[in-house]
Amino acid sequence: MDYKKSNAPLNTVTRDMIELSEDTGNVYETVCIIAKRANQIAAQMKEDLDKKLQEFTTINDNLEEINENREQIEISRFYERLPKPTLIATQEYVDHKLFFRKSNKDRSNL
């Protein structure tokens with residue numbers, strides 16, 4: 001799912017964790033699934049932002065010669081306005097757009 005087109009809320013939303021964990025049957029497993037997806041989204045967002053800001057980098061040894069570019073500021077503001085990765089991942093989970101599978105490992109050896 002494209003994080004730029006997400007319908008996730010921009011602010012934190014209180015959720016009923018028991019209702020949210022009905023698919024897995026375990027609150028902690030649900031949180032772990034959402035956290036892993038949030039980490040993936042955050043890495044993707046960082047990579048995209050770095051790619052876009054890469055064209056603005058200049059090789060200067062003098063820190064006083066940093067020029068602020070209006071286009072660079074607009075790109076940064078766009079990414080600041082996006083919902084946080086945890087909110088996007090939670091919305092994907094609620095909308096059943098997040099697919100996960102349980103491993104078939106035997107947990108009796110733990």
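See the structure printed just above.
Residues numbered from 1 in each chain as written. Predicted model: local features only at pLDDT ≥ 70, side-chain atom pairs only at ≥ 80, totals over all residues. Heavy atoms only, no water.

1. Regarding the pattern of salt bridges
Next, step 1: This model, assessed by the stated rule, comprises four salt bridges.
Next, step 2: Between glutamate 47 and lysine 51 there is a salt bridge, with its nearest N and O atoms 3.6 Å apart. Within this pair, glutamate 47 and its partner lysine 51 are both found in helix α2 (residues 27-54), separated by four residues, close to a single helical turn.
Next, step 3: Here glutamate 74 ties to arginine 77 by a salt bridge, and the two come within 3.8 Å at their closest N and O atoms. (Salt bridge = Lys/Arg side-chain N within 4 Å of Asp/Glu carboxyl O. Helix = DSSP H or I, 4+ residues; strand = E, 2+ residues; numbered from the N terminus.)

2. Topic: the environment of glutamate 55
Next, step 1: Tracing the backbone shows glutamate 55 in the loop between α2 and α3 (70-81).
Next, step 2: Through-space distance from the C-alpha of glutamate 55 to that of glutamine 72 is 9.4 Å; in sequence the pair is 17 residues apart.

3. Things to note about the nonpolar core
Next, step 1: Of all hydrophobic cores here, the largest spans 17 residues; its most connected members are Tyr3, Ile41 and Tyr93.
Next, step 2: If you tally residues by element for this core, the top one is α2, at six residues.
Next, step 3: If near-sequence neighbours (up to four positions away) are discounted, isoleucine 41 is found in contact with Tyr3, Pro85, Ile88, Ala89 and Glu92. (Core = buried A, V, L, I, M, F, W, Y, C linked by side-chain atoms within 4.5 Å. Buried < 20%, exposed > 50% of the residue type's maximum accessible area, 1.4 Å probe, protein only. Contact = heavy atoms within 4.5 Å.)

4. Section: unusual backbone geometry
Next, step 1: We note that histidine 96 has phi near 60°; this positive angle belongs to a residue other than glycine.
Next, step 2: When its relative accessible area of 52% is taken as the criterion, histidine 96 is described as exposed.

5. Some details on the packing of aromatic side chains
Next, step 1: All chains considered together, the criterion is met by two aromatic pairs.
Next, step 2: Judged by centre distance (5.4 Å) and plane angle (90°), the rings of phenylalanine 78 and tyrosine 79 are edge-to-face.
Next, step 3: Judged by relative accessible area, which is 34%, phenylalanine 78 ranks as partly exposed.
Next, step 4: Residues tyrosine 93 and phenylalanine 100 carry aromatic rings whose centres are separated by 6.1 Å and whose planes lie at 25° to one another, so their mutual orientation is stacked. (Phe/Tyr/Trp six-rings, centres within 6.5 Å; stacked < 30°, edge-to-face > 60°.)

6. Quick word on helix α4 (residues 85-94)
Next, step 1: Here α4 lies mainly inside the structure; eight of its 10 residues are buried.
Next, step 2: For α4, the full list of buried residues reads Pro85, Leu87, Ile88, Ala89, Thr90, Gln91, Glu92 and Tyr93.
Next, step 3: On its buried face, α4 sits against α1 (17-20) and α2.
Next, step 4: Where α4 ends, the next residue or the one after it, histidine 96, has phi of about 60°, a positive value.

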